[in-house]
Amino acid sequence: MKPILPALLTAALASSLCVVALAPAASAEEGVGQPGEHNAITDVPGIQVGQVQSDTAPFLTGTSVIYTPEMSVASVDQRGGAPATKETDLLSPLNSNPGVNAIQLGGSSMYGLSATNGIIRWLEDRGEGVPLGPAGVAPIVPAADIYDLNRGGDPKARTSAEWGYLAAEATADGPVRQGSVGGGTGARGGGLRSGVGTASTYLGDGIWVGAMVIVNPAGSPVDPLDCSLYGVHFGIGGEFDGYQVPSAQECASEESDAAQSTTEESLNTTIAVVATNAPLEKAAAQRMSGNAHDGMARAISPIHTLSDGDTVFAVSTGDGEALQINDPADSGQLNGIFNAGSTTLSRAIAKATLSAESHDGRLSYCDIYPSACADMPQLEEWRTAGEAPDVTRPEFQRANRALKQTPVPGPGSKPHAADSAVEDQVDGAAAAPFTGGDGGNSAGSPTPTTLAIGSATAAGAFLVLAGFVALRRRRPEALAVS
């Protein structure tokens with residue numbers, strides 16, 4: 001028999017009732033229907049988060065990683081009209097991939113997908129991934145990126161493999177920094193500066209649901225009727241204590257009109273991960289990711305436009321017999337999990353908007369509507385909790401050295417014989433400038449690493465050709481003996 005989780009449906013109902021300020025349903029277990037210790041996706045056992053960023057010119061972008069030390073079941077639902085994604089086909093229940101090692105939520109649009117190469121390398125060095133026998137492992141790292149190019153940074157200043165490597169190094173459980181950090185550093189929500197948000201809910205019987213989101217929609221999280229945030233209405237456990245509907249004067253300002261603009265920018269995307277430690281089959285994970293889009297729709301309007309790339313991943317870190325969508329005995333538990341994922345994502349979207357800070361003329365919600373945020377001391381904690389290291393030149397160069405590839409050996413050479421030569425070239429040149437280069441891990445201008453690999457390959461080809469010519473000059477009888 002599968003474990004029975006009677007508190008799940010009760011918890012989901014309690015979360016919904018909070019919208020109309022009713023008391024949560026009674027439960028014999030303390031904390032049911034409430035946020036976790038960190039009110040973050042890391043409250044879900046088996047989930048860690050790492051984030052890096054830079055808002056120092058010419059950069060205004062970053063990378064966030066959701067890491068599962070144990071490979072976890074995952075799926076995805078993509079509903080925006082312009083996604084920048086990678087490896088999402090692997091997550092279909094129709095395909096054989098067993099799970100994921102990490103998921104990237106990043107900036108720099110399609111160019112930033114190369115940051116997954118650094119995450120993959122970090123995982124490979126740790127031996128984490130699908131076992132390939134003598135070939136090693138194949139780390140599985142799906143990704144979705146927001147469009148943040150030319151939002152205050154140079155459009156050519158993008159994340160790369162080095163950024164992904166540094167973000168993976170920074171992964172940890174515990175509190176998660178929110179606001180204009182990580183993959184949300186260059187995010188905008190409608191006309192507002194936006195960023196990263198996260199939240200969690202306890203469903204009882206040891207089951208958790210969490211969400212992490214980067215809010216960067218063409219639509220707006222602001223209700224034009226009174227300039228309140230749509231997502232705040234889903235708050236639980238006092239997380240939005242002190243929040244006020246903005247004053248009528250603030251709501252009627254020119255800045256308010258700009259904050260609700262849905263036409264200023266035409267390239268956007270809101271991306272998220274919802275997670276639970278309940279054991280789910282792959283099809284149930286896909287259903288969870290699809291239902292979570294309802295959470296987006298409740299907190300942002302309009303949503304899923306043709307210029308958005310809205311994508312939600314769902315992850316299950318649980319073990320044991322998986323809950324199945326075609327088993328009627330599991331329906332109640334799954335509905336509770338799915339509904340909690342949706343409302344938790346709505347809350348995370350509101351937290352991202354409230355945590356964001358103004359930058360370079362782009363105003364945040366709390367600066368446009370100061371009366372709404374004036375009595376919310378928790379905002380400072382959200383903005384400073386956890387670690388989110390800046391990508392500095394020395395750290396970039398360190399990651400670049402860690403990512404150096406082993407050249408392909410030439411005929412007759414010993415394995416790794418050319419390693420030292422490549423290292424000398426990389427260290428001796430003006431290697432790994434802090435320019436968002438990909439360290440030889442994606443298409444683009446050649447770096448010292450890729451040039452060295454190309455040189456080694458060309459040298460090997462020359463030796464093969466020279467040997468062939470010499471062989472042709474030998475006497476026919478010698479060739480016959482060979």
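The shown structure was predicted, so the numbers you read here are calculated from the model rather than taken from an experiment. (Residues numbered from 1 in each chain as written. Predicted model: local features only at pLDDT ≥ 70, side-chain atom pairs only at ≥ 80, totals over all residues. Heavy atoms only, no water.)

A. Structural detail: the packing of aromatic side chains. For the structure on display, the rule yields 5 aromatic pairs. Note on Tyr 67 and Trp 122: the rings are 5.2 Å apart at their centroids and 80 degrees apart in plane angle, and the pair reads as edge-to-face. Here Tyr 67 is found in strand β2 (residues 61–78), whereas its partner Trp 122 is found in helix α2 (residues 115–125), with 55 residues between them in sequence. Using a relative accessible area of 3% as the deciding quantity, one classes Tyr 67 as buried. Arranged with centres 4.7 Å apart and planes meeting at 50 degrees, the rings of Tyr 365 and Tyr 369 form a pair that is tilted. (Phe/Tyr/Trp six-rings, centres within 6.5 Å; stacked < 30°, edge-to-face > 60°. Helix = DSSP H or I, 4+ residues; strand = E, 2+ residues; numbered from the N terminus. Buried < 20%, exposed > 50% of the residue type's maximum accessible area, 1.4 Å probe, protein only.)

B. Region of interest: the state of the cysteines. A full pass over the atoms with the stated rule returns 2 disulfides. The disulfide bridge from Cys 227 ends at Cys 251, spanning 2.1 Å between sulfur atoms. Between Cys 227 and Cys 251, the S-S dihedral sits near 80 degrees, and the bridge is therefore right-handed. Here the residue Cys 227 occupies a position in the loop between β11 (207–214) and α4 (248–251), and Cys 251 occupies one in helix α4, the gap between them amounting to 24 residues. (Disulfide = S-S within 2.5 Å.)

C. Region of interest: the packing of α2 against helix α3 (residues 161–169). Contact pair α2 / α3: the axes reach a minimum separation of 5 Å and the direction vectors enclose 45 degrees. Judged on the interaxial angle alone, α3 and α2 are oblique. For the element pair α2 and α3, the recorded crossing hand is right-handed. Where α2 approaches α3, its residues Ala 115, Asn 117, Gly 118, Ile 119, Arg 121, Trp 122 and Asp 125 are matched on the opposing element by Ala 161, Gly 164, Tyr 165, Ala 168 and Glu 169. (Axes fitted to C-alpha atoms, helices over the stretch in contact; angles between N-to-C directions. Parallel < 35°, antiparallel > 145°, perpendicular 65-115°, else oblique. Left-handed = near helix turned anticlockwise from the far one by under 90°. Contact = heavy atoms within 4.5 Å.)

D. Spatial organisation of the pattern of salt bridges. Scanning the entire structure with this criterion turns up 6 salt bridges. Between Asp 77 and Arg 79 there is a salt bridge whose closest N-O contact spans 2.8 Å. Take Asp 77: its relative accessible area is 17%, and that puts it in the buried class. On the accessibility criterion, Arg 79 (38% relative accessible area) is partly exposed. Across the pair Arg 398 and Glu 395 runs a salt bridge, and its minimum N-O distance is 2.8 Å. One end of the pair, Arg 398, and the other, Glu 395, are both in helix α11 (residues 393–402), 3 residues apart, so they sit about a helical turn from each other. By relative accessible area, which is 31% here, Arg 398 ends up partly exposed. Glu 395 gets classed as partly exposed once you look at its relative accessible area, which sits at 30%. (Salt bridge = Lys/Arg side-chain N within 4 Å of Asp/Glu carboxyl O.)

Distances and angles like these do not, on their own, reveal function.
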